[in-house]
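Residues per chain, in single letters:
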Amino acid sequence: MSEPGTTTSEAVTLELPDADATRALGTALAGLLRAGDLVILTGDLGAGKTTLTQGLGAALNVRGQVASPTFIVAREHPPLPREDGTRGPGLVHVDAYRLGGLGELDALDLDSSLEDSVTVVEWGRGLAEALADDRLEIDLERPRGAVPGSGAGSGAGSGAVDGLEDDPEAGTRTATVRAVGPRWAGVDLGVLRG
Ligand SMILES: Nc1ncnc2c1ncn2[C@@H]1O[C@H](COP(=O)(O)OP(=O)(O)O)[C@@H](O)[C@H]1O
Ligand SMILES: [Mg+2]
């Protein structure tokens, strides 16, 4: 038996060598997610949170271009009909940075209900935990070139030997996927390894 708030399956760590790999993780996630699910994406600016959500949105076949939710609180992507005419869940893409708490989502009066959607929250850590017993937590990290342009000191060439620090798009990412709550009991995240 699993208790709310506890990790219910093995965490999975994945190497994402390029943006396509990040998108592919989003695609793979679509196979696990269903209406009512919550995904919390954590990672620095440029870590790949929006890129992952783009892969997810494409695989869910939702309307509209998934973009950075900055300057808006939440963007709704309703499901488009599949070839057989049925529709899967829509996507609600939230910038938690602008949200005081997940409860505020209700106050936004979205057209789509969260029960009928997959909800993805960028920068959601520390915010959604208390409000949702069931969630997928995905941490995106850049092991190298962690802070673009920081230069790691001012000495000539220091910290920029391979140029990663100067290129915000460069650098393999590591994704760690963790499932929490009874909804995920017995779900094998290993399928995300592709
Ligand atoms: N695994 C990866 N390897 C290299 N570049 C990546 C990877 N994933 C995403 N990117 C690139 O990093 C940039 C920032 O990604 P983005 O998804 O906007 O980050 P975030 O939403 O976390 O701020 C984009 O140009 C994207 O193509
Ligand atoms: Mg983003």
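A brief structural summary. (Residues numbered from 1 in each chain as written. Chains lettered and ligands numbered in written order. Predicted model: local features only at pLDDT ≥ 70, side-chain atom pairs only at ≥ 80, totals over all residues.)

Val39, Leu41, Val94, Val120 and Ile138 are the most contacted members of the largest nonpolar core, which has 36 residues in total. At the level of elements, strand 1 (12-16), helix 1 (19-30), strand 2 (38-42), helix 2 (49-60), strand 4 (90-95), strand 5 (117-122), strand 6 (135-141) and strand 7 (173-180) are the ones that each hand at least two residues to this core. Beyond its immediate sequence surroundings of up to four residues, isoleucine 138 is in contact with Val39, Ile40, Leu41, Ala175 and Val177. (Core = buried A, V, L, I, M, F, W, Y, C linked by C-beta atoms within 7 Å. Buried ≥ 20, exposed ≤ 12 C-beta atoms within 10 Å, placed from the backbone. Helix = DSSP H or I, 4+ residues; strand = E, 2+ residues; numbered from the N terminus. Contact = placed C-beta atoms within 7 Å.)

Another aspect to go through is the site of ligand 1. Neighbouring residues of ligand 1: 18 residues in total, closest Ala19, Gly48, Lys49, Thr50 and Thr51. Among the residues making up the shell around ligand 1, the classes are represented as five nonpolar, nine polar and four charged. (Near = placed C-beta within 6 Å. Nonpolar A, V, L, I, M, F, W, Y, C, P; charged D, E, K, R; others polar.)

We now examine the sheet that holds strand 4. Spatial ordering of the open sheet is given by 1-7-6-2-5-4-3, a layout of seven strands whose pairing is mixed. The sheet terminates laterally at strand 1 and strand 3 (74-77), the two strands that pair on one side only. Neighbour-to-neighbour, the strand axes of this sheet turn through a mean angle of 20°, independent of strand direction. With four bridges connecting them, strand 2 and strand 5 associate as parallel partners. Along strand 5, the bridge assignment pairs valine 39 with valine 120. Each of strand 1 and strand 7 is contacted by helix 1, which is oriented at about 145° to strand 1, the strand it contacts most. (Pairing = 2+ DSSP bridges. Axes fitted to C-alpha atoms, helices over the stretch in contact; angles between N-to-C directions.)

Another point: unusual backbone geometry. Residue asparagine 61 is not a glycine yet carries a positive backbone phi of 60°. Along the chain, the position of asparagine 61 falls in the loop between helix 2 and strand 3.

This brings us to the pairing of strand 6. Within strand 6, five of the seven residues are buried, which leaves it mostly tucked inside the rest of the structure. Here strand 2 runs beside strand 6; their pairing, made up of four bridges, is parallel. What sits directly across from isoleucine 40, in strand 6, is glutamate 137.

Any functional reading would require information beyond the geometric quantities listed.
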